[in-house]
Structures are given as structure tokens and as C-alpha cells.
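Okay, here's what each chain looks like letter by letter:
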Amino acid sequence: MDKLKVRSWKELLSLPTPDVLYLVEPQILSIGGALVLYGNAETWKSWFMIELAYALSEGKKWLGVYQCHKAKVMMLQTEQTEVMYKDRIVSFQHSLNGTVPSNVLIATDLAIKLDNPYGRGMLEAEVKQYRPDVLIIDNWYHTLTVEKEESVMKAATEGIEKLRQDYGVAAVIVHHPRKAGEEDRGFDELSGSNVLNRWADTIIRVWERDRATDTYE
């Protein structure tokens, strides 16, 4: 049976303080934190995550702007077969002059569902074995049995909460907004539920720029 962590005020203050509190600065992703990146299809979300994994593994700037501190990264990729994802990584690799980050792990599973105990157990086993500092899930949609069911979203996010608490891993989730043509009511209506809005520490939305009008949609 799990027990609550009960400490005195003095015991809490005596806990060791890490050298950095945020893995992505300024205050974008904390140690053990939760970040959601979302946007429409074809807005480079998966490429941003590959870039984030690389920047964290090497302690470089993400997108050339946001400073990352060195961290071990595990990516759960649920969109493409392994060979197709390899092709995407090869394309990204061309910009690195052959550099291969040693601190990035990639798991590919097109069928894993994080709203059921079996899927959550699979993921926990790998987190327990490899102990990453950051877990990137790309994308969230494919890990849910019924995307717009709030109870499903809660079950999945609660599973991620347990990983954060038990293993100190920060979680990054890639998701998408409401379907095209539906009224945009902001992040509260992300996929018909505000569960992720309440759960995330940081939310990043990606827009596509219309080159003809120089505006974003």
C-alpha cells in the first residue's frame, strides 16, 4: 500500500536542492514538471520534440532560444512505424553534422493505451528501468481509447502523475486542438476536455504562419 510522504518543516528544508530547478529555461519545464505542446496538423510539433530531445541531451538551446540543461530523455512515439520514424530522425540528423546524442531513448508503439492499467504498466516498466529525466509522449491522441471522454483523459493523466511522483520524471505531451471547423474556445476545449489544461504546468500552442498575409492561424 502506498503511503503519504510526511516530513517535518525542518526535514523538508534539509532535502538536497538540485543545481537547477528548470530543465528548460526560463521556467518552461521544471524537474518533474508537466508541459503540453499542441497545435494543428503540419505545424512541426513532432520536429519540435525531436529538437527538444536533442537540446536536452546536449544541454543546448531549444529552437535556438530556450536554454536546456543536460538531461536523459525517453521518447514514446505513437504515430509512425519505427522505420518511418528512423527516416525522420535521419532527416533531422543532417543538421547535426553527424552528431548522435547518447542520452536519448526512443520507444515506438502504435497500440499502447495509457488510459488502461496494461499500457500504463508497460510505460512504467521502461521508466523504472531507464530512469529518464524527461518523458516525451508524441502524441497523446494515439494513447487514448476514446479521446473526448473525460474519464479516459483523467485515467491517462493520473498514470503520468504517478510516474512523475515515483520517478521524478518530467512529462512532455504533444496533442492537438479541436477539429478543424469547430469553434476555437482556447485550450479549455482541447479535444473536448479541459483535463490537460488543469494538469499542465506549461502550455505551448503552435500556429501555422500564412506566408501570403504574414498572419497566424
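Residues numbered from 1 in each chain as written. Predicted model: local features only at pLDDT ≥ 70, side-chain atom pairs only at ≥ 80, totals over all residues. Heavy atoms only, no water.

Colleague: Would you take a moment to explain the overall build of the protein chain for this structure?
Modeller: A tally of regular secondary structure across the protein chain gives six helices and twelve strands. Taking all 217 residues of the protein chain together, the buried fraction comes to 40%. In the protein chain, the proportion of contacts linking residues at least 24 apart, taken out of those at least 6 apart, comes to 70%. Taken as a whole, the protein chain presents about 12800 Å² of accessible surface, with 51% of it coming from carbon and sulfur. (Helix = DSSP H or I, 4+ residues; strand = E, 2+ residues; numbered from the N terminus. Buried < 20%, exposed > 50% of the residue type's maximum accessible area, 1.4 Å probe, protein only. Contact = heavy atoms within 4.5 Å. Areas by Shrake-Rupley, 256 points an atom, 1.4 Å probe, with all protein chains shown as cover.)

Colleague: I tried to follow the side chain of Thr 143 on my own but got confused; where do I start?
Modeller: Here Thr 143 shows up in the loop between strand 8 (134-138) and helix 5 (150-167). Residue classification places Thr 143 among the buried residues on the basis of a relative accessible area of 0%. Of note is the side chain of Thr 143, whose polar atom sits 2.7 Å from the backbone oxygen of Trp 140. With near-sequence residues (within four places) excluded, Thr 143 lies in contact with Thr 78, Ile 112, Lys 113, Leu 114, Asp 115 and Ile 137. (Polar contact = N/O pair within 3.5 Å; in protein donor to acceptor, adjacent residues only side chain to side chain.)

Colleague: Please explain the environment of Ala 111 as it appears in this structure.
Modeller: Turning to its location among the elements, Ala 111 is positioned in the loop between strand 7 (104-108) and helix 4 (117-130). Separated by 33 residues in sequence, Ala 111 and Leu 144 place their C-alpha atoms 9.5 Å apart.

Colleague: I keep staring at the nonpolar core and nothing clicks. Help me out?
Modeller: A general feature of soluble globular proteins is that nonpolar side chains tend to end up buried together. Membership of the largest hydrophobic core comes to 28 residues, with the highest contact counts inside it found for Met 49, Leu 52, Leu 56, Met 75, Val 134 and Ile 136. Of all elements in the fold, only strand 1 (22-24), strand 3 (34-39), helix 2 (45-58), strand 6 (73-77), helix 3 (82-93), strand 8 and strand 9 (170-175) reach the threshold of two or more residues within this core. Top contributing element to this core by residue count: helix 2, with seven residues. If we ignore the near neighbours within four places in the chain, the residues touching Ile 136 are Met 49, Leu 52, Ala 53, Val 73, Met 74, Met 75, Leu 76 and Val 172. Membership of the second largest hydrophobic core comes to 25 residues, among which are Leu 123, Val 127, Met 153 and Val 169. (Core = buried A, V, L, I, M, F, W, Y, C linked by side-chain atoms within 4.5 Å.)

Colleague: Would you mind showing me how to read the packing of helix 2 against helix 3 here?
Modeller: Each pair of packed helices can be described by the angle between their axes along with the distance between the axes. Packing of helix 2 against helix 3 leaves a shortest axis separation of 11 Å and a crossing angle of 65°. As helix 2 packs across helix 3, the resulting crossing turns out to be right-handed. On helix 3, the residues touching Ser 46, Trp 47, Ile 50, Glu 51 and Tyr 54 of helix 2 are Tyr 85, Arg 88, Ile 89, Ser 91 and Phe 92. The residue inventory of the contact of helix 2 with helix 3, partitioned by class, reads six nonpolar, two polar and two charged. (Axes fitted to C-alpha atoms, helices over the stretch in contact; angles between N-to-C directions. Left-handed = near helix turned anticlockwise from the far one by under 90°. Nonpolar A, V, L, I, M, F, W, Y, C, P; charged D, E, K, R; others polar.)

Colleague: Explanation requested: the environment of Cys 68 in the structure shown.
Modeller: Within the secondary structure, Cys 68 sits in the loop between strand 5 (66-67) and strand 6. Residue classification places Cys 68 among the buried positions, given a relative accessible area of 1%. Distance in space between the C-alpha atoms of Cys 68 and Leu 52 is 8.4 Å, their sequence separation being 16 residues. Once residues lying within four places of it in the same chain are set aside, the contact partners of Cys 68 are Leu 23, Val 24, Leu 52, Ala 55, Leu 56, Gly 59, Lys 60, Lys 61 and Trp 62.

Colleague: Looking at this model, I keep getting lost on helix 2. Mind explaining?
Modeller: The terminal C-alpha atoms of helix 2, which comprises 14 residues, lie 20 Å apart, in line with the 20 Å expected from a rise of 1.5 Å per residue. Summarising burial for helix 2: eleven of the 14 residues are buried, a large majority. Gly 59, located one to two residues past helix 2, shows a positive phi value of around 70°. (Expected span 1.5 Å × (residues − 1).)

Colleague: Which parts of the structure should I look at to understand the sheet that holds strand 10 (residues 202-206)?
Modeller: Note on sheets: strands pair through backbone hydrogen bonds, and any given pair is parallel or antiparallel. Strand order in the open sheet made by the six strands is 7-6-8-9-3-10, with parallel pairing throughout. With partners counted over all chains shown, the strands left at the sheet margins are strand 7 and strand 10, one partner each. Averaged over neighbouring strand pairs, the angle between their axes works out to 15° when direction is ignored. (Pairing = 2+ DSSP bridges.)

Colleague: I tried to follow the pattern of salt bridges on my own but got confused; where do I start?
Modeller: For side chains bearing opposite charge, pairing can occur when the charged atoms are close. Scanning the entire structure with this criterion turns up six salt bridges. For Lys 162, the salt bridge goes to Glu 124, with nearest N and O atoms at 3.6 Å. Separated by 38 residues along the polypeptide, Lys 162 in helix 5 and Glu 124 in helix 4 bring together distant segments of the chain. A relative accessible area of 36% places Lys 162 in the partly exposed class. (Salt bridge = Lys/Arg side-chain N within 4 Å of Asp/Glu carboxyl O.)

Nothing here speaks to function; it is all geometry.
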